[in-house]
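Reading the structure
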Amino acid sequence: MFILNPPSGVFQYAKKLFLSEQAGRVQLQEFARKNAANALSLTNLVMGLSSILCSLNGHHYYACWLLLVGFLLDLADGAVARRLNACSALGAKLDDFADFTTFGIGTSLLLQAHGILDSLLVICYVMSVFARLCFFSSGIPFVYRGLPCPYASAILACTSLLTEGNRFILHTTAVVMILFMTDQGNYPHDKVLESQIWKKIVYAGGLLMLFCCPFSLACTYYLVWCFSYTLFPAALWSYEV
């Protein structure tokens, strides 16, 4: 009986194919690691653009919901980037652009400008977010200068939902948020997903409230969360607390 042995070239080809597939998987995993946080920032950008379209078409309920989703995504992208050691200049620029779109332009449209004064308020709000992002650095590691715009956005979105878009209350809240964003006070980087267990529970509660609970209850939860950070940043939300 004759046993036919495959030519050595077949083994070499199979070996190269296996190594090539293995290298491809490694490259794919590395690509996913480097761009996981960027994917979250892009999703935040999509939420902002979708919120803008909803506001332009009068669907303010959905616009507010999308802004709150963007709020959660913004808290997550930085934590993911640091966890995976994937921080980059491109990621920082993408995050700022997404923040300006979602928490600047998208949020300002909730104010429903119908006159010159209303339009001026919208412009002032957008410019406040722009200034807040441009002068992000406080010179102190993990300390913000001025109230981070995602918190201001979440407060306005919840106010809009709870008051059914009452323009007077919305405009008054917007003025207060502008003052907080531009007062140059120091706010700690709360590191919700990288800090104490109770902060992670707060974040998980935000997810649960947003997707599983009535909106009135969810909005109350987010207002307590965001106002506690706005009014008592160092006492409650410092990284060391």
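About the criteria used
Residues numbered from 1 in each chain as written. Predicted model: local features only at pLDDT ≥ 70, side-chain atom pairs only at ≥ 80, totals over all residues. Heavy atoms only, no water. UniProt positions renumbered as here; feature names shortened; annotations may be inferred. Helix = DSSP H or I, 4+ residues; strand = E, 2+ residues; numbered from the N terminus. Contact = heavy atoms within 4.5 Å. Axes fitted to C-alpha atoms, helices over the stretch in contact; angles between N-to-C directions. Parallel < 35°, antiparallel > 145°, perpendicular 65-115°, else oblique. Left-handed = near helix turned anticlockwise from the far one by under 90°. Salt bridge = Lys/Arg side-chain N within 4 Å of Asp/Glu carboxyl O.

Under an unreviewed UniProt entry, the name given to the chain is cardiolipin synthase (CMP-forming), and the source organism is Callorhinchus milii. Recorded in UniProt under Sequence similarities (unreviewed entry), the annotation for the chain is "Belongs to the CDP-alcohol phosphatidyltransferase class-I family." Quoted verbatim from the Catalytic activity (unreviewed entry) field of the UniProt record, the comment on the chain reads "a CDP-1,2-diacyl-sn-glycerol + a 1,2-diacyl-sn-glycero-3-phospho-(1'-sn-glycerol) = a cardiolipin + CMP + H(+)".

Bringing the UniProt feature "transmembrane region" (unreviewed entry) in the chain into the picture now. Here, UniProt's "transmembrane region" (unreviewed entry) annotation points to residues 120–144 and 201–224. In residues 201–224, helix accounts for 92% and strand for 0%; the two terminal C-alpha atoms are 14 Å from one another.

The residue S153 is located in helix α5 (residues 149–162) in this model. Not counting residues within four places of it along the chain, the set of residues in contact with S153 comprises L67, F103, T107 and Y125.

Let us now look at the packing of helix α4 (residues 116–134) against helix α6 (residues 167–182). Each pair of packed helices can be described by the angle between their axes along with the distance between the axes. Running from N to C, α4 and α6 point in directions that differ by 30 degrees, and their axes come no closer than 10 Å. By the angle between their directions, the pair α4 and α6 is classed as roughly parallel. The chirality of how α4 crosses α6 is left-handed. Between α4 and α6, the residues in contact are D118, L121, C124, Y125, S128, V129 and R132 and R167, H171, A174, V175, M177, I178, M181 and T182, respectively.

This part takes up the pattern of salt bridges. In the structure shown here, the tally under the stated rule is one salt bridge. With its nearest N and O atoms 2.1 Å apart, the salt bridge here joins D118 to R167. Taken together, the positions of D118 in helix α4 and R167 in helix α6 put the pair 49 residues apart, joining distant regions of the chain.

This brings us to the environment of K199. Position of K199 among the secondary structure elements: in helix α7 (residues 197–212). It is 10.0 Å that separates the C-alpha atoms of K199 and L236, two residues lying 37 residues apart in sequence.

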